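# Report on the structure
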Amino acid sequence: MDRIPILYSPIHLMHQPAYEYDRGMQIPYQEQACRIESAREALLALPFTFEIQPDLLLKDEHITRVHSRALLEHLRQRSLFAEQQEPFIGQEDVYHYPWIFPLNPRMQTGLLKSPDNAGCYAFDTYAPIGKNTFKAVFASANLAHCAAQTIIQQDNRIAYALCRPPGHHAARDMLGGYCYLNNAAIAASHLKQALGKGAILDIDYHHGNGSQDIFWDDPEVLFISIHADPNDEYPFFAGYADEQGGELALGVNINLPLPKGCEDEMYLTALDQALNAIREYQPNWLVLSAGYDTCQADPSTFFNLTDAVYTEIGKRIGQLNVPMVIVHEGGYAVEQNGILAARLISGIVDSFA
Ligand code: SP5
Ligand code: ZN
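Structural notes, computed from the coordinates. (Residues numbered from 1 in each chain as written. Chains lettered and ligands numbered in written order. Predicted model: local features only at pLDDT ≥ 70, side-chain atom pairs only at ≥ 80, totals over all residues. Heavy atoms only, no water.)

Here the focus is the pairing of strand 5 (residues 158-161). Taking every second residue as pointing to the same face, both faces of strand 5 are buried, with Ile158 and Tyr160 on one and Ala159 and Ala161 on the other. In terms of strand pairing, strand 1 (residues 4-7) meets strand 5 through two bridges, oriented parallel. Across the sheet, residue Leu7 finds its bridge partner in strand 5, namely Ala161. Judged from the four bridges that link them, strand 5 and strand 10 (residues 324-328) form a sheet pairing that is parallel. The residue of strand 10 that forms the bridge with Ala161 is Val327. (Buried < 20%, exposed > 50% of the residue type's maximum accessible area, 1.4 Å probe, protein only. Helix = DSSP H or I, 4+ residues; strand = E, 2+ residues; numbered from the N terminus. Pairing = 2+ DSSP bridges.)

Turning our eyes to something else, we now look at helix 10 (residues 334-351). Its 18 residues give helix 10 an end-to-end C-alpha distance of 27 Å, which sits within 8% of 26 Å, the value for a rise of 1.5 Å per residue. For helix 10, every residue scored as buried is listed here: Val334, Gln336, Asn337, Gly338, Leu340, Ala341, Ala342, Leu344, Ile345, Gly347, Ile348 and Val349. Taken together, the buried residues of helix 10 touch strand 1, helix 1 (34-44), strand 5, strand 9 (286-290), helix 9 (309-318) and strand 10. (Expected span 1.5 Å × (residues − 1). Contact = heavy atoms within 4.5 Å.)

Bringing the coordination of the zinc ion (ligand 2) into the picture now. All of the protein donors around the zinc ion (ligand 2) are Asp204 (OD), His206 (ND1) and Asp293 (OD); their distances to the metal are 1.9 to 2.1 Å. One can describe the donor arrangement at the zinc ion (ligand 2) as irregular, given that its four donor atoms subtend angles of 100 to 135° at the metal. We classify Asp293 as buried; its relative accessible area is 0%. (Donors = N, O, S within 2.8 Å, 3.2 Å for Na, K, Ca; no water. Tetrahedral: all angles 85-135°; square planar, octahedral: opposite > 155°, others 65-115°.)

Turning next to the site of ligand 1. In the vicinity of ligand 1 there are 15 residues, among which His169, Gly177, His206, Asp293 and Tyr332 approach most closely. One of the side-chain N or O atoms of Asp22 is found 3.2 Å from a nitrogen atom in ligand 1. His169 has a polar side-chain atom sitting 3.2 Å from a nitrogen atom of ligand 1. Its free accessible area being 510 Å², ligand 1 has 83% of it covered by the protein chains. Grouping the constituent residues of the shell around ligand 1 by class yields seven nonpolar, five polar and three charged. (Near = heavy atom within 4 Å. Polar contact = N/O pair within 3.5 Å; in protein donor to acceptor, adjacent residues only side chain to side chain. Areas by Shrake-Rupley, 256 points an atom, 1.4 Å probe, with all protein chains shown as cover. Nonpolar A, V, L, I, M, F, W, Y, C, P; charged D, E, K, R; others polar.)

Next up on the list: helix 6 (residues 183-195). Three- or four-residue spacings in an α-helix give side chains the same orientation, since the helix completes a turn every 3.6 residues. Given a rise of 1.5 Å per residue, 13 residues ought to cover 18 Å, and the 18 Å separating the end C-alpha atoms of helix 6 matches this to within 8%. Within helix 6 the residues assigned to the buried category are Asn183, Ala184, Ala185, Ile186, Ala187, Ala188, Ser189, His190 and Leu191. Between a side-chain oxygen at the N-terminus of helix 6 and the backbone nitrogen of Ala184 the separation is 3.3 Å; the capping residue is Asn182. Gly196 occupies a position one or two residues after helix 6 and carries a positive phi of about 85°.

Below is the structure:
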């Protein structure tokens, strides 16, 4: 049996927004650093895992295959701005939240010139930027990139990237939903470059609107997402079943929305549907966007999956028998990040040939 590398960086600890806006009211930031520490501890306690803290191999050029240069530079600039403002604000590690949203090109052009341009490229208020945010975001994307690299070099057939901040809501030129750069897309683009066509399976509770956006017109990357129906769940503006891909990639984007209250059996039925579509596509690699906010214990979501079903989810995904990068996404019940990541990967390893 393969040993599985767990890719981790402590740099995420430098990104710690204190609060977020929930319908205009301040609540504690749900995307907490301890989520990843919990996952790290549980994954490394498994007998078949080992940790890698990779060097920074990621270059801007890898990122700009999936994001606009403008978004990348905005992130870098806004982090620098937060650092420069610190002495004037007289408070440490301040996070700047989007507050003016340029809704058309004219507004964008005007606002971009201003130091108050925190709202540029932002589609919501969930992704504030502090002085260390860019470092954390870059290190997070680097984990996904390096996980892809170990698969490409055939050092491993499965790798787990403990990415934080998460990435699947970040589109080519938009950030939001705790996401700044799309880690899964960065891994996928690296894998595609080396190995040809492949698939992204997104099992986070929320639709992976960013990954969908990035590969919308790409027939060489199948994107499949199983998520809460956007009619009544975040991100609301994407994730509907009739979104099937651009003209050149029709059918290569598949959304499987499920109702609030969804339980194990219904979830596994959708999963089988996704896995059949993946098998039919015959991908050379898989990126699994692994969110754990589908579980019953999650404080911010409305599926009722049991802990036990994550082992079964893993087993069914492992049966694909395709080289795989697993990218950590959401999951806001802190301990469940560990418990469920361990169950998922144990299931995968169990059935992987
Ligand atoms: C990566 C990911 O999972 N992003 C999700 C970001 C959106 N979260 C919005 C949650 C809004 C509901 N908050 C209710 C909190 C009540 N305790
Ligand atoms: Zn989520």
